[in-house]
Amino acid sequence: MPTPPELSVLYPDIAARGSLAAALLAEADSCLGALPLTSSELAPLGHAAVASTLPHREPLAISAWSYERRWSIRGEEPFQGMALIEGSTDDLAEVARAARAWSDGSPLDDIREAAPFVRLTGRFEVPDGDPARLTESEWQGMRREAAELEYAWREAYRNLIEAAHAEPALRALYPFTSHWALRFSTTTRPRLTVVGPCLSANSDGTYGVGHGFVSQDLGQFVTAREAVDVAVRRLPSGLGPTTLGG
């Protein structure tokens, strides 16, 4: 892989202002005003962050790409560090508009409307950190991800996620993936407590159930519903409500 150019070469206008934060402040007719924008001390041309007025939002992270002139954003919730919004664009003014809306506490849909490059992950904000709502949010994000995949095996994977979500015993657990295999936890991130078997969608359209994500030792099935039924029967009894992890 070739060595990327110096950021000062790829972004001479940013370099002229001294930092990505300073360049953002100058964009979009100063729409950012006096927002608390900060730049990375180690890489001021490449990274910046803007705080939000909402305590349940982490600062929006803004990063410059290394091999082409483009910027990425990522806005996370604080309880788990999971993304609520993401996106990339070559228009710094769009980044500024997204930063303004994130900082002001605008609803996620409104941020997308202000800056169309923004992608909503499907997760929703849970200001009080309620574990049941965080679990519901993660399921919603996983379902959106499955619906938007462009891989050849997307239909089988989407069928698996939807079949698992339709089962109340699994829907009550916190979902996560490992190498695209679906797993479950009785706690939210950041510290997961794995429970039950692992479900996977195979490239040939079949579905596997196993003790681990590289194993299908509990069976291979023609439909996602069959695989989900086996997983439910393998759940330990007496599982309580999902709790916060960590």
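Higher on the page you've got the structure.
Thresholds applied
- Residues numbered from 1 in each chain as written.
- Predicted model: local features only at pLDDT ≥ 70, side-chain atom pairs only at ≥ 80, totals over all residues.
- Heavy atoms only, no water.
- Core = buried A, V, L, I, M, F, W, Y, C linked by side-chain atoms within 4.5 Å.
- Buried < 20%, exposed > 50% of the residue type's maximum accessible area, 1.4 Å probe, protein only.
- Helix = DSSP H or I, 4+ residues; strand = E, 2+ residues; numbered from the N terminus.
- Salt bridge = Lys/Arg side-chain N within 4 Å of Asp/Glu carboxyl O.
- Pairing = 2+ DSSP bridges.
- Axes fitted to C-alpha atoms, helices over the stretch in contact; angles between N-to-C directions.
- Parallel < 35°, antiparallel > 145°, perpendicular 65-115°, else oblique.
- Left-handed = near helix turned anticlockwise from the far one by under 90°.
- Contact = heavy atoms within 4.5 Å.
- Nonpolar A, V, L, I, M, F, W, Y, C, P; charged D, E, K, R; others polar.

**Quick word on the nonpolar core**
In step 1: If you look at the biggest cluster of nonpolar residues, it comprises 32 residues, and the most contacted ones within it are Leu24, Ile73, Ile85 and Val118.
In step 2: Among the elements of the structure, helix H3 (20-25), strand E2 (47-50), strand E3 (60-64), strand E4 (71-76), strand E5 (83-89), helix H4 (92-104) and helix H5 (108-114) are those that each provide at least two residues to this core.
In step 3: Broken down by element, the residue count for this core peaks at seven residues, all from H4.
In step 4: Met142, Val209, Val228 and Val230 belong to the second largest nonpolar core, which has 27 residues in total.

**Some thoughts on the pattern of salt bridges**
In step 1: For the structure on display, the rule yields 13 salt bridges.
In step 2: Arginine 119 is the partner of glutamate 86 in a salt bridge, and the nearest nitrogen-oxygen pair spans 2.7 Å. With glutamate 86 in strand E5 and arginine 119 in strand E6 (residues 119-120), the pair connects residues that are 33 residues apart, well separated along the chain.
In step 3: Residue classification places glutamate 86 among the partly exposed positions, given a relative accessible area of 24%.

**What to know about the pairing of strand E7 (residues 174-178)**
In step 1: Here E7 lies mainly inside the structure; four of its five residues are buried.
In step 2: Counting the residues that bridge the hairpin from E7 to strand E8 (residues 181-185) gives two residues, and of these histidine 179 lies at a positive phi of roughly 55°.

**Quick look at the packing of helix H6 (residues 131-148) against helix H7 (residues 154-165)**
In step 1: Relative orientation of the contacting elements H6 and H7 amounts to 155°, with a least axis distance of 9 Å. By the criterion of interaxial angle, the relationship of H6 to H7 is roughly antiparallel. Here H6 and H7 pass one another in a crossing that is left-handed. On H7, the residues touching Trp139, Met142, Arg143, Glu145, Ala146 and Ala147 of H6 are Tyr157, Arg158, Ile161, Glu162, Ala164 and His165.
In step 2: Across the contact of H6 with H7, the residue classes tally to seven nonpolar, one polar and four charged.

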